[in-house]
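# Descriptive analysis of the structure
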Amino acid sequence: QVQLVESGGGLVQAGGSLRLTCAASGDIFGNYNMAWFRQAPGKEREFVAVARRVWYSGTTDYADSVKGRFTISRDNAKNTLYLQMNSLKPEDTAVYACAASTFKGYVDIRSEGRYEYWGQGTQVTVSS
């Protein structure tokens, strides 16, 4: 099992930046695929980015809506996942949650059903 705690959310103007952090505890962090999801009011939760487990060298994948603006990274020694968000837009406003998956495949890692463990989320609000 793994426990996840996010931090770093807040209010920022459009065009600004934020860095989210997800601290993990309880198990071997490198064994998990780690991802960020977000949920805006009235919308379904959506995939943002993933950094795969050590077995796959931590390769990353992004939703098209954030590609080129967001960067996911992980520090396995510190059991920490990051999401650097640049050029933020009002449509990025959402609750962002990190999630952990033991899924052993390489593809099909964007589905939230693959993720067994979730943090409580952190609010990101981008004003226009």
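For the structure, see preceding data.
All values reported here derive from a predicted model rather than from experimental measurement.

## Thoughts on the state of the cysteines
In this structure the tally under the stated criterion is one disulfide. Note that C22 is cross-linked by a disulfide to C98, the S-S spacing being 2.0 Å. Where C22 bonds to C98 through sulfur, the torsion about that S-S bond is close to 55 degrees, and the disulfide is right-handed. On the criterion of sequence distance, the pair formed by C22 in strand β3 (residues 18-25) and C98 in strand β9 (residues 94-101) is long-range, its members being 76 residues apart.

## Focus on the side chain of N33
Within the secondary structure, N33 sits in strand β4 (residues 33-39). Under the relative-accessibility criterion, N33 is labelled buried at 0%. A distance of 3.0 Å separates a polar side-chain atom of N33 from the backbone nitrogen of R53. A distance of 2.8 Å separates a polar side-chain atom of N33 from the backbone oxygen of F103. For N33, the contacting residues outside a window of four places in its chain are V50, A51, R52, R53, R74, A99, A100, S101, T102, F103, I109 and Y115.

## Looking at the sheet that holds β3
Overall, antiparallel pairing links the four strands, which are arranged β1-β3-β8-β7 in an open sheet. Strands with a single pairing partner mark the edges of an open sheet, and in this sheet they are β1 (3-7) and β7 (70-75). The mean inter-strand angle of the sheet, taken between neighbouring strand axes irrespective of direction, is 15 degrees. Summarising the sheet, β1 and β3 pair through five bridges and their orientation is antiparallel. In the strand pairing of β3, S7 is matched with T21.

## Topic: unusual backbone geometry
Unusually for a residue other than glycine, S57 sits at a positive phi of about 60 degrees. Residue position: S57 is located in the loop between β5 (46-51) and β6 (60-62). Positive phi values are uncommon outside glycine, yet N79 reaches one of about 55 degrees. By secondary structure assignment, the location of N79 is in the loop between β7 and β8 (80-85). Residue classification places N79 among the partly exposed residues on the basis of a relative accessible area of 25%.

## Description of the pattern of salt bridges
If you walk through the whole model with that rule in mind, you get seven salt bridges. Its salt-bridge partner being D92, residue R38 comes within 2.9 Å of it at the nearest N-O pair. With R38 in strand β4 and D92 in the loop between β8 and β9, this residue pair connects regions lying 54 residues apart in the sequence. Each member of the pair R38 and D92 is classed as buried.

Reading the values: the criteria
Residues numbered from 1 in each chain as written. Predicted model: local features only at pLDDT ≥ 70, side-chain atom pairs only at ≥ 80, totals over all residues. Heavy atoms only, no water. Disulfide = S-S within 2.5 Å. Helix = DSSP H or I, 4+ residues; strand = E, 2+ residues; numbered from the N terminus. Buried < 20%, exposed > 50% of the residue type's maximum accessible area, 1.4 Å probe, protein only. Polar contact = N/O pair within 3.5 Å; in protein donor to acceptor, adjacent residues only side chain to side chain. Contact = heavy atoms within 4.5 Å. Pairing = 2+ DSSP bridges. Axes fitted to C-alpha atoms, helices over the stretch in contact; angles between N-to-C directions. Salt bridge = Lys/Arg side-chain N within 4 Å of Asp/Glu carboxyl O.

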